[in-house]
2 protein chains.
Amino acid sequence: MKRVVSYDIIDDKRRSRVFKLLKDYGKWVQYSVFELDCKEQEWVAIEFQLTKLLKQDDSLCIYEICKSCSQRTLYKGNVLLQLETEKCNIF
Amino acid sequence: MKRVVSYDIIDDKRRSRVFKLLKDYGKWVQYSVFELDCKEQEWVAIEFQLTKLLKQDDSLCIYEICKSCSQRTLYKGNVLLQLETEKCNIF
């Protein structure tokens, strides 16, 4: 399942840890937004680690994106260039 | 159709304009992430205005979220408190 994960984390250290975790598994599309496309078992592990890292002051949104929705995702501006540069499959 | 709109805009004035536009139609869930749930005709107008506002340096992602996907959206941390405070329907 594809997912969009966005976060607002004020604490630099914690934000950096979340960033590194998500970078290992997904595509960094914006400052605090990642796209992940991983197997469910892998996602369970990622979500577990995210939950461990987060504090109550932090904010995290996880949007599941089915195949049909993913085909209608739109990108505007330099995110397109970024995704092309990374030679990623835009989902 | 429900949509998640996220943006990275360095220019303060332009970011503020995009913020104000999206605030009029959606829920502000994170620093640069909005959730919109509007009619297609309304969305066409919003997208037109967004496209007019954006420059090549800006980055915008629009994720369509179907009913099934929206039921699996997850929130962690203080975004829940924020949404409850706003008395919004979490989609």
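Procedures and definitions
Residues numbered from 1 in each chain as written. Chains lettered and ligands numbered in written order. Predicted model: local features only at pLDDT ≥ 70, side-chain atom pairs only at ≥ 80, totals over all residues. Heavy atoms only, no water. UniProt positions renumbered as here; feature names shortened; annotations may be inferred. Axes fitted to C-alpha atoms, helices over the stretch in contact; angles between N-to-C directions. Helix = DSSP H or I, 4+ residues; strand = E, 2+ residues; numbered from the N terminus. Parallel < 35°, antiparallel > 145°, perpendicular 65-115°, else oblique. Contact = heavy atoms within 4.5 Å. Phe/Tyr/Trp six-rings, centres within 6.5 Å; stacked < 30°, edge-to-face > 60°. Buried < 20%, exposed > 50% of the residue type's maximum accessible area, 1.4 Å probe, protein only.

Per an unreviewed UniProt entry, chain A goes by CRISPR-associated endoribonuclease Cas2 and derives from Thermoflavimicrobium daqui. Regarding chain A, the UniProt comment filed under Cofactor (unreviewed entry) reads as follows: "Mg(2+)". The UniProt entry for chain A carries this comment under Subunit (unreviewed entry): "Homodimer, forms a heterotetramer with a Cas1 homodimer."

Residue and element names in this part refer to chain B. Between helix α1 (residues 12–25) and helix α2 (residues 40–53), the shortest axis-to-axis distance is 10 Å and the interhelical angle comes to 175°. When the interaxial angle is binned, α1 and α2 end up roughly antiparallel. Here α1 contributes Arg 14, Arg 17, Val 18, Leu 21, Leu 22 and Tyr 25 to the contact with α2, which in turn contributes Glu 42, Ile 46, Gln 49, Leu 50 and Leu 53.

For the rest of this paragraph, the subject is the packing of aromatic side chains. Residues and elements named next belong to chain A. Enumeration according to the criterion identifies six aromatic pairs over all chains in this entry. The interplanar angle of 20° and the centroid separation of 6.5 Å between the aromatic rings of Tyr 7 and Phe 34 together place this pair among those described as stacked. Separated by 27 residues along the polypeptide, Tyr 7 in strand β1 (residues 2–8) and Phe 34 in strand β3 (residues 33–37) bring together distant segments of the chain. Judged by its relative accessible area of 2%, Tyr 7 is buried. Residue Phe 34 is classed as buried on the basis of its relative accessible area, which comes to 0%. A ring pair is formed by Phe 19 and Phe 34, whose centres lie 5.5 Å apart and whose planes are at 65°; its orientation type is edge-to-face. With Phe 19 in helix α1 (residues 12–25) and Phe 34 in strand β3, this pair connects stretches of sequence that are 15 residues apart. Phe 19 sits in the partly exposed class, given a relative accessible area of 24%.

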